[in-house]
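Fold and contact review
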Amino acid sequence: MLKINYTPPYYVFTCNIPSEIEISTDAASVYVTIACGPDTIFETTLYPYNNIAMLYDARSIIEGHMLDKQRVFANFVITADTKTEETTTPERHFIYSRLSLATNAMGFVQLFFLTTRSMFTIPRNSFQTLSAFYLPDVTLQGYTECLALFDGESTPRIVRIEDAKVDTKNTTLIRDIISPIAIETRIGSKCRLLQFTVHRGFLAKTFYVTDRTPNLTLLVRNEFNCDEYIHLTCVTKSKLDLDRSTATSLGVTTFYDDKSAYEYDVESSMLTLEEAKHFSQLLLSRYVNIVEIGGALAPITITDINSEISDADNATNSIKFKYKYSSHHFPITIDYGNNIFDDPFYRTFD
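Residues numbered from 1 in each chain as written. Predicted model: local features only at pLDDT ≥ 70, side-chain atom pairs only at ≥ 80, totals over all residues. Heavy atoms only, no water.

Observations regarding the sheet that holds strand β27 (residues 318–325)
Reading across from one edge, β20-β19-β25-β26-β27-β24-β21 is the order of the 7 strands in this open sheet, with antiparallel pairing throughout. Since the sheet does not close on itself, it has two edges, and those belong to β20 (227–232) and β21 (234–241), each with one partner. Averaged over all adjacent pairs, the angle separating strand axes in this sheet is 35°, with direction ignored. When strand β26 (residues 297–308) meets β27, the two strands line up antiparallel, connected through 8 bridges. Note on β27: the bridge partner recorded for Ile-305 is Phe-321. The strands touched by helix α4 (residues 273–282) within the sheet are β19 (216–221), β20, β26 and β27, with β20 carrying the most contacts at an inclination of about 125°. (Pairing = 2+ DSSP bridges. Helix = DSSP H or I, 4+ residues; strand = E, 2+ residues; numbered from the N terminus. Axes fitted to C-alpha atoms, helices over the stretch in contact; angles between N-to-C directions. Contact = heavy atoms within 4.5 Å.)

Right, here's the structure in full:
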């Protein structure tokens, strides 16, 4: 007798993996593995009590593998083996989720993008990513519905631009890079984009365009292990923490064990209730990168978060947090052009 008492649905969020999985057996021991495709990611030998062996914390094992491999979904199989019998769970698609979603995963991914934001506010010169999980053998028409104010007109009007059709043969993840400037270019006439809604079949997400320039842009992994940008208008204060030892030999002082580092205190401007809650949750991610001058990414570590969030109508929600660069890193302290011809003085001689 050998049976794994766990049969997940074909698509399942990792948050719904039980903390304990029972394995019924009359053997003295059972060898258990968890495999992702051809790779075994975990193996152990369990010893049953009253013919029940318990596999604990399979969720953290599976989620840890998906985080390390930067995967949003993957196929997993649990195998139990004794000297005389072997049994496996059916191969199932696990979708990463840090949230407690007591919902059917297949129904969720057909109706929602992989983000918890109901809508986005996006700076005109910035980007946002929008990821969606698509089932196999699906054909969906994509389009973007835009509200734009055209030159010479006093009233905004709606314009629809067609996007590429989604046609899948296998289960897949598709990530759209959203850019207001690119959408204005696609419209083809001089206009100022005010808002737009991205449609992919039954999926839809609205973006409100702002001319506000963010002081800080972060790229993080959201609750579904998908990339997502945080655009913040904020005040940042830097503090140098000097921590190093000195040694003097023959009148010469040298440094050793240098742990000096900059730490940054960030206080955001006023946020909506949804923005404050969402950003606070995103900053708990294991992967947070700051977007530096020129678009370079540098990993940072969030060392402290202080969020006071209220649902009162007159509340001025904001978040405060501290971060350090994950590796020894000095900030850019000067502003400079790409070349001398960026200077207006030189352009007068064209």
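Thoughts on the nonpolar core
Counting 40 residues, the largest nonpolar core has Phe-13, Phe-133, Ile-187, Leu-193, Phe-196, Phe-207 and Phe-224 as the members making the most contacts within it. Setting aside anything within four residues of it in sequence, one finds Leu-193 in contact with Arg-124, Cys-146, Leu-147, Ala-148, Pro-180, Ile-183, Glu-184, Ile-187 and Val-209. Listed in part, the 25 residues of the second largest apolar core include Val-12, Ala-53, Ala-74 and Ala-80. (Core = buried A, V, L, I, M, F, W, Y, C linked by side-chain atoms within 4.5 Å. Buried < 20%, exposed > 50% of the residue type's maximum accessible area, 1.4 Å probe, protein only.)

Digging into the sheet that holds strand β3 (residues 20–25)
If you trace the 3 strands from one edge of the open sheet to the other, you get β1-β3-β6, paired in antiparallel fashion. Only two strands of the sheet have a single partner each, and these edge strands are β1 (2–4) and β6 (52–56). Each strand of the sheet is rotated relative to its neighbour by a mean of 20°, with strand direction disregarded. Where β3 lies against β6, 5 bridges are found, and the strand directions are antiparallel.

Here we look at unusual backbone geometry
At Asp-137, a position not held by glycine, the phi torsion is positive, near 55°. By the secondary structure assignment, Asp-137 is in the loop between β11 (128–134) and β12 (138–140). If you check the backbone angles, Asn-225 has positive phi at about 65° while not being a glycine. Using a relative accessible area of 5% as the deciding quantity, one classes Asn-225 as buried.

A word on the side chain of Thr-168
Within the secondary structure layout, Thr-168 lies in strand β15 (residues 166–168). Take Thr-168: its relative accessible area is 4%, and that puts it in the buried class.

Quick word on the pairing of β3
Where β1 and β3 come together, 3 bridges link them in antiparallel fashion. Bridge pairing links Lys-3 to Ser-24 in β3.

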